[in-house]
Amino acid sequence: IDISGTAKGLPDINKTFLDLNIKKLYVTKGDILVAVPKKSLPPSIELPNVINAKGNFKGSMTDFNTNMNIQTDMGGAIVIAGMNGPKGRESYKADISLNNFNVGRLLKMQPKLGRVSVKANVAGTGLDPKKINAKFNAKVLSAYYNKYTYRNLSLAGTYANQNINIKSNMPDSNANFNLDAKVNMAGKYPAVKANLNLKQVNLQSLNFSPSVLSAAGIVKVDLQTADADHLNGTVDITSLQVVKDAQ
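Note that the structure is a prediction, hence the values are computed from the model and not measured.

Reading guide: rules and limits
- As a convention, each chain's residues are numbered from 1 in the sequence order in which they are written.
- Totals for whole chains, interfaces and linings use all residues, but because this is a predicted model, local features are given only for residues with pLDDT of at least 70 and pairs of side-chain atoms are given and counted only at 80 or more.
- Values reported for side chains reflect all heavy atoms of the structure, with hydrogen atoms and water molecules removed beforehand.
- Only strands joined by at least two bridges in the DSSP assignment are considered to pair.
- In this description a helix means any DSSP run of H or I spanning at least four residues, a strand means any run of E spanning at least two, and both kinds are numbered starting from the N terminus.
- Salt bridge criterion: a side-chain nitrogen from Lys or Arg within 4 Å of a carboxyl oxygen from Asp or Glu.
- For every residue, the accessible area obtained with a 1.4 Å probe (protein chains only) is divided by the maximum for its type, and the residue is called buried under 20%, exposed over 50%, and partly exposed between those limits.

Enquirer: I'm lost on the pairing of strand β3 (residues 50-59) in this one. Help?
Expert: Where a strand is regular, its side chains alternate between the two sheet faces. Sheet topology note: the strand β2 (residues 17-28)/β3 ladder contains nine bridges and is antiparallel. Bridge pairing links N21 to N56 in β3. When β3 meets strand β4 (residues 64-72), the two strands line up antiparallel, connected through nine bridges. Opposite G55, over in β4, you have M68 as the bridge partner. Linking β3 to β4, which pair antiparallel, is a turn of four residues.

Encoded structure:
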């Protein structure tokens with residue numbers, strides 16, 4: 001461990017102010033389990049065996065700026081983030097990059113889910129779901145799932161007044177689509193309106209079908225209640241094309 005800087009306000013974490021230059025922070029899974037009770041960790045999470053981090057942190061737990069480069073035996077991550085403002089009117093922004101990170105191992109979902117490379121950013125105000133006003137973007141460069149590596153998934157959207165607007169596309173040769181969706185979270189159940197232009201999905205290549213099976217078409221969704229037990233709305237499919245066993 002090689003960390004220099006100042007710390008004020010300890011041991012009261014709510015009054016603590018840190019100004020740290022982290023040249024090297026090397027910890028093992030065993031180190032973490034000594035400091036953090038195992039029962040406090042989610043059972044669905046697998047910790048990396050080794051974490052090697054460097055960067056800086058300046059501020060308190062609710063008003064800070066940080067830039068961290070984290071390398072683990074699961075993969076690498078870069079986090080640049082900041083937050084400030086009073087409770088209820090928090091302002092925040094973050095840029096996150098995962099480089100060939102084994103998300104499947106982290107979430108104990110191997111071998112179905114594997115390594116992921118993604119770049120994402122978010123900027124907004126408020127942490128209360130009813131008051132969040134934020135913009136987000138993500139580019140999934142590659143993601144391994146079900147023995148197939150998906151590439152170049154783009155996702156952009158906004159969250160304001162409990163409404164989520166999403167635009168997404170993926171030009172993958174075996175999963176090619178454009179999506180425009182709106183989700184209203186104000187009710188007991190989400191309300192969803194979406195237009196999906198499914199240009200091509202090859203279920204055999206994606207390992208969801210043992211034989212030739214592909215489809216294309218236009219899907220329009222209008223669900224007043226998008227809950228599995230309380231579905232209410234319409235789903236219209238037009239220009240449908242299905243190829244099964246080369247027919």
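Enquirer: In this structure, what is going on with the pattern of salt bridges? I would like to understand it.
Expert: Any two side chains of opposite charge can pair, so long as their charged atoms come close to each other. A full pass over the atoms with the stated rule returns three salt bridges. Among the ionic pairs, K29 bridges to E46, the shortest N-O distance being 2.6 Å. Linking K29 in helix α1 (residues 29-35) with E46 in the loop between α1 and β3, this pair joins segments that are 17 residues apart in sequence. K29 gets classed as partly exposed once you look at its relative accessible area, which sits at 25%. For R105, the salt bridge identified is with D73, shortest N-O distance 2.6 Å. Placement of the pair is R105 in helix α2 (residues 103-106) and D73 in the loop between β4 and β5 (75-84), with a sequence separation of 32 residues. Accessibility expressed as a relative area gives 19% for R105, which makes it buried.

Function cannot be read off these values alone, since they describe shape.
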